[in-house]
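The chain contents come next:
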2 protein chains.
Amino acid sequence: MIKIAVMGYGTIGSGVVEVLETNRDSIAKRVGEEVEVKYVLDLRDFPGDPIEKKIVHDYKDITADEEVKIVVETMGGVEPAFTFVKAMLEAGKSVTTSNKALVAEKGAELLAVAKEKNVNFMFEASVGGGIPIIRSINECLTADKIEEITGILNGTTNYMLTRMANEGLEFADVLKDAQDKGYAEKDPTADVEGFDACRKIAILTSLVAGKQVDFEKIHTEGITKISAVDFKYAKAMGRSIKLLATSRQADGTYSALVAPHLLSPEHPLYSVNDVFNAVFVHGNVLGDAMFYGSGAGKLPTASAVVADVVEMAKHLDQNIPVEWSKEELPLADYKKNEKRFFVRTEADEAAVKAAFGEVELVHADGISGEMGFVTGNMTEAAYEEKAAKLGKVLQMIRLA
Amino acid sequence: MIKIAVMGYGTIGSGVVEVLETNRDSIAKRVGEEVEVKYVLDLRDFPGDPIEKKIVHDYKDITADEEVKIVVETMGGVEPAFTFVKAMLEAGKSVTTSNKALVAEKGAELLAVAKEKNVNFMFEASVGGGIPIIRSINECLTADKIEEITGILNGTTNYMLTRMANEGLEFADVLKDAQDKGYAEKDPTADVEGFDACRKIAILTSLVAGKQVDFEKIHTEGITKISAVDFKYAKAMGRSIKLLATSRQADGTYSALVAPHLLSPEHPLYSVNDVFNAVFVHGNVLGDAMFYGSGAGKLPTASAVVADVVEMAKHLDQNIPVEWSKEELPLADYKKNEKRFFVRTEADEAAVKAAFGEVELVHADGISGEMGFVTGNMTEAAYEEKAAKLGKVLQMIRLA
C-alpha cells in the first residue's frame, strides 16, 4: 500500500481522489500495490465528504509523516504552493503538480531539489491537461532534436474562439457565456490575455532546451481584440482563428510567441475546437507529430496527475533525470521571424500598395468602410515599419 | 559508451544508424553517455559504406559479445527474427524491434524472456511509426481504463485512399502509382488486405488488455473493393473513407475490427491524409485523445526505434514491467456491435424499404443504375440478415 497526500481539495484535487477511487483496481495493477489517500490538505473542512477524516490544515502534518511517499499539489498559484512543495521534496517525498504558474517559475529549482533528495517532481497536468505532452518530450521523443512546438494550450480561449467562429458572436458576449458556464473565471485575464498559454509554452520550451525560459520575455498577445468582423474575413479566407503558443529552434537559437493566428485548413491545429487542446511537434528526424485531447476539466487533468502518481510509485527512491537547469535560455527577438500578416485598414488600396507592395485582397460579406489584405512573407519588424507607414490599421492577425 | 548492434541493414536499420549519427550529441546527453553501433548484422556486405567494417553475418557474433548491451531488430518477418531476438534476450541484451509481425505473434513470449533475464524488450516502432503510441499506453495513460482505440495504422492504404478521394482514381491505378513510388510493395497484400493494420491493432489491444490477442481472430476487410464510385457517394455525404483498425472494451469484454469506414468531419481521424497515421484513444477518465504523425518512413520509424534505445540505455539491467501475458484474450463477436451502414444496391427503393425500413437516401452525381442509402443503427448481424433479404448489394461501408 502506497500512501499519498493531496494538497488542495478544489476541482482538480477532488478529481484526483475520484480517479484513484474509480480506477482503484487497474491503478493497483499498474503500480504493483494499492494507492491510498492518507491526507487531504485544505483550509476548509468538508463535513459529510468521504475524505472528511483525512483533512488536515497544516502541511507539516504531511511532511512529518514518513509513511507518505507521494504528494499531489493542486492548489494553484506560486505561493504557498512553492513553500509546501519544496518542503515535501526536502522531506523525501515525490511531488506531482497541475500548477503551471508554479512550474513555469520554479520548475528548475524544484527539479534540482528532487534530484538532490533522490525523489521525483513531475508536472504532466500543468500543460495540456490530459494530453501526455510532457512525458512525450521527456521520455518518448528522445531521439529527436525538437525544432518546433506549437500548441493550442488554453481551453477557455479555444472554446470562446470556436463559438465566435460558429455563431458570429462578439468577444464580450462569448466571454459572459463562458463565465456563466464555468469555463472562464470571474477574472478571465490569465486566459484571455494569453498569460496562461505563455506559461505553458515556457514550460515546454524549457524542457526542450534544458534551460529556464523566463516567461515574461515571451511576446504575448491575447484574444481580447478579436472581433466578429475578423471571423467574417477568416471565413472568406477559409481559415480558422486560434490562439497559438509557439516556440522554434534553429541552430540552437530559440524564439517564442503567443498570439492569435489565422490557420489554413492544412494546418494540423486547424480543426481543434471547443475546450480541446492540441500540441504540434516537429522533430528533426520524427518529422511532424500532433497530440490532441482534453486540455482542461476535472477528470482529464486528474488523469494526468494520477499517471504521474503511478510513475512516481514505480520509481520510489529513484530520481528520473529531467534536463531543465536554472540557467536562463536566451530567446531571440521574435521580430526577426518571418511570416505573412492579415491586415484590416481604413486606408485605400493605393495606400496599401504604397506601403506593402503587392498584397492579396480579402473580401468579406457585409463589411464596408475598411479593407482586408494579406501581406507577402516578411519579418515582424518589417511588418511594423510598413504598418506604421500605412497608418489606419484596425487589426493585424498573423497567418499560420 | 554504450555499444549496440543493429540486425538488418535495410531501410529502417540504416535509418537507425543515421539517426544515431545525426543526433549523436543530443542522444548522448539524454542517455548520459555516447551510444555507438558496434555490429550490423546482414546477409549482404556493404563495400564503401561507413558501416562496412561493422558488418557480421552470424548473429552469434553478437550474442557472444558481452560488451553489446542493446540490440535493434529491423529485419522484418517472424523468422529468423524471433530466433535472433530470443537469443539476444537470453544473452542478457535488451532488444527493440520495428517488426509488427514478430510482436503480434511473439510479443508476450519475448516480454517474458526479457523479464526473466532482467532486460527489456521494446517495440515502439512496430505500431504507428514515429507516433509514441506504445509508450503512451504503457507509461502515460496509466490512470485510465482505455475503452476504445481506433487507428489509421497503415500509411500505404491511407496514401492510396487519399489519392482516390482527391483525384477520383480507381484502386488499381492508385496501387500501381504507389508501387512505382515505393509506398506500396510489389506484393501489396499485407497492406491493402488490412493484414498489417490487423497486427497493429492486435498489439495495441494486447497491451491495453494485458493478454494475448490472436490477430487471426480479428475480422479484417481491406480496401481492395473500394472504388471511385464509393468516393462519389462519400463526397455527397461530406465524409472521408479511411481504413480503421479499432478495438473496444465494455465491462471487460473486448471486440476488434479492421475495415474501411466512412468518417464524418467531426470524427478526429477525418482529416488524417496521405501516409500519416493517427490513433484515437478514449479513456474512462481522460476522455478523448488523439496521436498523429508519420506512420512509416525511414527516419520517423528510426526515431521511434532510437527512443527505445535511449530508454533501454537508461534502464540497463532493470526490467520495466509491461503487462502482456500469453493468456489469450477472448474477443467478442464483432457482429454484435451496433453501427450504421452505407449500402449501394441495384434494388429499387421499395425493396430497400421492405428490407431496411426507413433509410437515408444518398444521391451522388453521375451515378445511374444503382442507389445508395444509409441504414439506421443496427448490429452487424442484423445488417447481414437485411442485406441478404434485399440482395443485389454492390457495396457496404460502415459509418464512423
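Only a predicted model underlies this, so the values are computations on that prediction, with no experimental measurement involved.

Definitions and cut-offs
- Residues numbered from 1 in each chain as written.
- Chains lettered and ligands numbered in written order.
- Predicted model: local features only at pLDDT ≥ 70, side-chain atom pairs only at ≥ 80, totals over all residues.
- Heavy atoms only, no water.
- Helix = DSSP H or I, 4+ residues; strand = E, 2+ residues; numbered from the N terminus.
- Rg over C-alpha atoms; globule rule 2.2 N^0.38 Å.
- Buried < 20%, exposed > 50% of the residue type's maximum accessible area, 1.4 Å probe, protein only.
- Contact = heavy atoms within 4.5 Å.
- Areas by Shrake-Rupley, 256 points an atom, 1.4 Å probe, with all protein chains shown as cover.
- Lys, Arg positive; Asp, Glu negative; His and termini not counted.
- Charge placed at Lys NZ, Arg CZ, Asp CG, Glu CD.
- Least-squares fit on C-alpha atoms with pLDDT ≥ 70 in both.
- UniProt positions renumbered as here; feature names shortened; annotations may be inferred.
- Core = buried A, V, L, I, M, F, W, Y, C linked by side-chain atoms within 4.5 Å.
- Salt bridge = Lys/Arg side-chain N within 4 Å of Asp/Glu carboxyl O.
- Pairing = 2+ DSSP bridges.
- Axes fitted to C-alpha atoms, helices over the stretch in contact; angles between N-to-C directions.
- Expected span 1.5 Å × (residues − 1).
- Phe/Tyr/Trp six-rings, centres within 6.5 Å; stacked < 30°, edge-to-face > 60°.
- Lys NZ or Arg CZ within 6 Å of the ring centre and 35° of its normal.
- Polar contact = N/O pair within 3.5 Å; in protein donor to acceptor, adjacent residues only side chain to side chain.
- Domains from an automatic or database assignment.
- Buried area = accessible area lost by both parts, 1.4 Å probe.
- Nonpolar A, V, L, I, M, F, W, Y, C, P; charged D, E, K, R; others polar.

Q: Hey, could you go over the overall build of chain A for me, with residue numbers and the actual values?
A: Helix and strand content of chain A: 14 helices and 18 strands. Taken over C-alpha atoms, the radius of gyration comes to 23 Å for chain A, in line with the 21 Å a tight globule of 400 residues would show. Expressed as a percentage of the 400 residues in chain A, the buried residues total 59%. In chain A, the share of contacts with a sequence separation of at least 24, taken over all contacts with a separation of at least 6, comes to 73%. Summed over its atoms, the accessible surface of chain A is roughly 15,800 Å², and 47% of this surface lies on carbon and sulfur atoms. Looking at chain A, you have 45 positive and 62 negative side-chain charges, and the mean spots of the two groups are 1 Å apart.

Q: Could you give an account of the relation of the copies chain A and chain B, naming the residues involved and the relevant values?
A: When chain A is fitted onto chain B, the two copies agree to an RMSD of 0.0 Å after a turn of 180 degrees and an axial shift of 0.0 Å. These values place the two chain copies in the arrangement generated by a two-fold rotation axis. Among all residues of chain A, the minimum C-alpha distance to the rotation axis is found for F291 of chain A, at 2.4 Å. Comparing interface residues between copies, 100% of those in chain A also lie at the interface in chain B; the contact surface is shared.

Q: For the UniProt feature "domain: Aspartate/homoserine dehydrogenase NAD-binding" (unreviewed entry) in chain A, give the residues involved together with the corresponding values.
A: Per the UniProt entry, the sites bearing "domain: Aspartate/homoserine dehydrogenase NAD-binding" (unreviewed entry) are residues 8–124 of chain A in this numbering. Structurally, residues 8–124 of chain A comprises 44% helix and 18% strand, and the distance from its first C-alpha atom to its last is 17 Å.

Q: Describe the nonpolar core, listing the residues and the values that go with them.
A: If you look at the biggest cluster of nonpolar residues, it comprises 171 residues, and the most contacted ones within it are I62, F121 and I133 of chain A together with I62, F121 and I133 of chain B. Sorting elements by how many residues they give to this core places helix α10 (residues 195–209) of chain B first, with 9 residues. Apart from residues lying up to four places away in sequence, I133 of chain B is in contact with E124, V127, L204, V279, V281 and F291 of chain B.

Q: Account for the pattern of salt bridges, naming residues and giving values.
A: When their charged atoms lie close together, side chains carrying opposite charge are able to pair. Residue and element names in this part refer to chain B. In the structure shown here, the tally under the stated rule is 56 salt bridges over all chains. Across the salt bridge formed by D42 and R44, the nearest N and O atoms sit 2.9 Å from each other. Residue classification places R44 among the partly exposed residues on the basis of a relative accessible area of 45%. Between E311 and R135 there is a salt bridge whose closest N-O contact spans 2.5 Å.

Q: Any details on the sheet that holds strand β4 (residues 68–73) of chain A? Residues and values, ideally.
A: All names here are of chain A. Sheet architecture is open: 6 strands sit in the order β3-β2-β1-β4-β5-β6, paired in parallel fashion. Of all the strands in the sheet, just β3 (55–56) and β6 (121–122) have a single pairing partner and so form its edges. Pairing of β4 with strand β5 (residues 94–97), which is carried by 4 bridges, proceeds in the parallel orientation. Note on β5: the bridge partner recorded for V72 is T96. Docked against the sheet, helix α1 (residues 11–22) engages β1 (2–7), β2 (35–41) and β4, running at close to 155 degrees with respect to β1.

Q: Break down the UniProt feature "domain: Homoserine dehydrogenase catalytic" (unreviewed entry) in chain A for me, citing the residues and quoting the values.
A: The sites that UniProt annotates as "domain: Homoserine dehydrogenase catalytic" (unreviewed entry) are residues 132–310 of chain A. Measuring from the first to the last C-alpha atom of residues 132–310 of chain A gives 14 Å, for a span that is 41% helix and 26% strand.

Q: Help me get a handle on the environment of G293 of chain B, residues and values and all.
A: Along the chain, G293 of chain B turns up in strand β12 (residues 287–294). Judged by relative accessible area, which is 1%, G293 of chain B ranks as buried. Separated by 17 residues in sequence, G293 of chain B and F276 of chain B have C-alpha atoms that sit 5.7 Å apart. The contacts of G293 of chain B, once residues within four sequence positions are left out, are D288 and A289 of chain A together with I131, F276 and N277 of chain B.

Q: Give a detailed account of unusual backbone geometry, specifying residues and quantitative values.
A: Cis geometry marks the peptide bond from E79 of chain A to P80 of chain A; its omega dihedral reads 5 degrees. The phi angle at N118 of chain A is positive, at roughly 60 degrees, despite the residue not being glycine. Its identity as a non-glycine residue notwithstanding, D251 of chain B has a phi of 50 degrees, on the positive side. For D251 of chain B, the location among the structural elements is in the loop between β9 (240–250) and β10 (253–263).

Q: Explain the interface of chain A and chain B residue by residue, including any values.
A: The extent of an interface is frequently quoted as the accessible surface area lost upon association of the parts. Contacts between the two partners involve 40 residues from chain A and, on the opposite side, 40 residues from chain B. The closest approach of N and O atoms between K29 of chain A and E323 of chain B, which form a salt bridge, is 3.5 Å. Of all the secondary-structure elements, those providing two or more residues to the side of chain A that touches chain B are α1, α2 (24–31), α6 (133–140), β12 (287–294) and α12 (298–314) of chain A. Among the elements that make up the side of chain A that touches chain B, the one with the highest residue count is β12 of chain A (7 residues).

Q: Outline the environment of V40 of chain A, supporting the account with residue identities and numerical values.
A: Residue and element names in this part refer to chain A. By the secondary structure assignment, V40 is in strand β2. Among the residues examined, V40 registers a relative accessible area of 0% and is labelled buried. The spacing of V40 and A304 is 264 residues in sequence and 19 Å in space, taken between C-alpha atoms. Setting aside residues no more than four positions away along its own chain, V40 makes contact with V6, Y9, I51, K54, I55 and V56.

Q: If you had to explain α10 of chain B to someone new, which residues and values would you point to?
A: All names here are of chain B. Helix length check: α10 (15 residues) gives 21 Å between terminal C-alpha atoms against 21 Å at 1.5 Å per residue, within 8%. With respect to burial, α10 is a largely interior element, 13 of its 15 residues being buried. In the stretch just after α10, G210 is the one whose phi turns positive, near 80 degrees.

Q: How would you summarise the packing of aromatic side chains if you had to cite specific residues and measurements?
A: Where two aromatic rings form a pair, the distance of their centres and the angle of their planes describe that pair. Taken as a whole and assessed by the stated rule, the structure comprises 21 aromatic pairs over all chains. Aromatic side chains F341 of chain B and Y383 of chain B sit 4.6 Å apart centroid to centroid with 15 degrees between the ring planes, which places their arrangement in the stacked category. Taken as a pair, F341 of chain B in strand β14 (residues 341–345) and Y383 of chain B in helix α14 (residues 380–390) lie far apart in primary sequence, 42 residues in all. No difference in accessibility class separates F341 of chain B from Y383 of chain B, as the two residues are buried. The structure contains a cluster of three or more aromatic residues connected by ring pairs, namely F341, F356, F373 and Y383 of chain A. Taking the ring centre of F82 of chain A as reference, the NZ or CZ of K106 of chain A above it sits at 4.5 Å.

Q: Give a description of the environment of T83 of chain A that names residues and reports values.
A: Residue and element names in this part refer to chain A. The topology assignment puts T83 in helix α4 (residues 81–90). Residue T83 is classed as partly exposed on the basis of its relative accessible area of 33%. Here the alpha-carbon distance between T83 and R344, two residues 261 residues apart in the chain, equals 48 Å.

Q: Describe the side chain of K3 of chain B, naming the residues involved and giving the relevant values.
A: All names here are of chain B. You can see K3 is positioned in strand β1 (residues 2–7). The exposure class assigned to K3 is buried, which follows from its relative accessible area of 16%. A polar contact is formed between the side chain of K3 and the side chain of E36, at a distance of 3.3 Å. Not counting chain neighbours up to four residues away, the residues in contact with K3 comprise E36, K38, E67, V68, K69 and I70.

Q: Run through the domain arrangement of chain A, naming residues and quoting values.
A: Residue and element names in this part refer to chain A. Along its sequence, chain A is carved into domain 1 (2–129 + 298–314), domain 2 (134–294) and domain 3 (334–399). Across the contact, 17 residues belong to domain 1 and 15 residues belong to domain 2. Overall, the association of domain 1 and domain 2 removes approximately 1,400 Å² of surface from exposure, summing both partners, and the carbon and sulfur fraction of that is 59%. Linking domain 1 with domain 2 are 6 residue pairs in polar contact (both at pLDDT 80 or more), by the criterion used here. Only α5 (100–116) and α12 provide two or more residues apiece to the side of domain 1 that touches domain 2. Residue contributions to the side of domain 1 that touches domain 2 peak at 6 residues, all from α5. Its residues assigned to classes, the side of domain 1 that touches domain 2 shows 9 nonpolar, 3 polar and 5 charged.

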